[in-house]
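# Chains, contacts and geometry: an overview
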Amino acid sequence: MLCAGSGVVQTSVPVVLDINPPAAPFAEQGTTCTSTLAPKQSCAVTIVFTPPSEGGFVGTVTIADDAVGNVQTVNLVGAGE
């Protein structure tokens, strides 16, 4: 997942992300996001999927910042085999 600053002002992006559900099968593996993003700057968040069993799984990642419409949600979908 890539977070990018698209405007002309600095955006504050917290390092803490809200992953729902908070336990397996989705987990944050790493991030290059710092406390702020300059205009046109970006950072990346890596989410791993480790299914505990067969079947379908859904989740969300929510990223909050100080930009207009300050909550972005990314839907997560995976299938265990």
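Refer to the preceding data block for the structure.
Attention here is on the structure that accompanies the text.

So, how was this worked out
- Residues numbered from 1 in each chain as written.
- Predicted model: local features only at pLDDT ≥ 70, side-chain atom pairs only at ≥ 80, totals over all residues.
- Heavy atoms only, no water.
- Helix = DSSP H or I, 4+ residues; strand = E, 2+ residues; numbered from the N terminus.
- Buried < 20%, exposed > 50% of the residue type's maximum accessible area, 1.4 Å probe, protein only.
- Contact = heavy atoms within 4.5 Å.
- Phe/Tyr/Trp six-rings, centres within 6.5 Å; stacked < 30°, edge-to-face > 60°.
- Pairing = 2+ DSSP bridges.
- Axes fitted to C-alpha atoms, helices over the stretch in contact; angles between N-to-C directions.

## Digging into the overall build of the protein chain
- Along the protein chain, the regular secondary structure elements total zero helices and eight strands.
- When the helices and strands of the protein chain are placed in sequence order, the string is β-β-β-β-β-β-β-β.
- Per-residue burial for the protein chain yields a buried fraction of 25% across its 81 residues.
- Across the protein chain, contacts joining residues at least 24 apart in sequence account for 57% of those joining residues at least 6 apart.

## What to know about the packing of aromatic side chains
- Summed over the entire model, instances satisfying the criterion amount to two aromatic pairs.
- Ring geometry for Phe26 and Phe49: centres 5.1 Å apart, planes at 35 degrees, overall tilted. Remark: Phe49 occurs in strand E6 (residues 42-49) and Phe26 occurs in strand E4 (residues 26-31); sequence separation between them is 23 residues.
- Residue classification places Phe26 among the buried residues on the basis of a relative accessible area of 4%.

## Thoughts on the sheet that holds strand E7 (residues 55-64)
- Taken in spatial order, the three strands line up as E3-E7-E8 in an open sheet, and their pairing is antiparallel. Sheet topology places strand E3 (18-20) and strand E8 (71-80) at the edges, where each strand pairs with a single neighbour. Across the sheet, the axes of successive neighbouring strands diverge by a mean angle of 20 degrees, strand direction being ignored.
- Where E3 and E7 come together, three bridges link them in antiparallel fashion. Bridged to Asn20 within E7 is Thr60.

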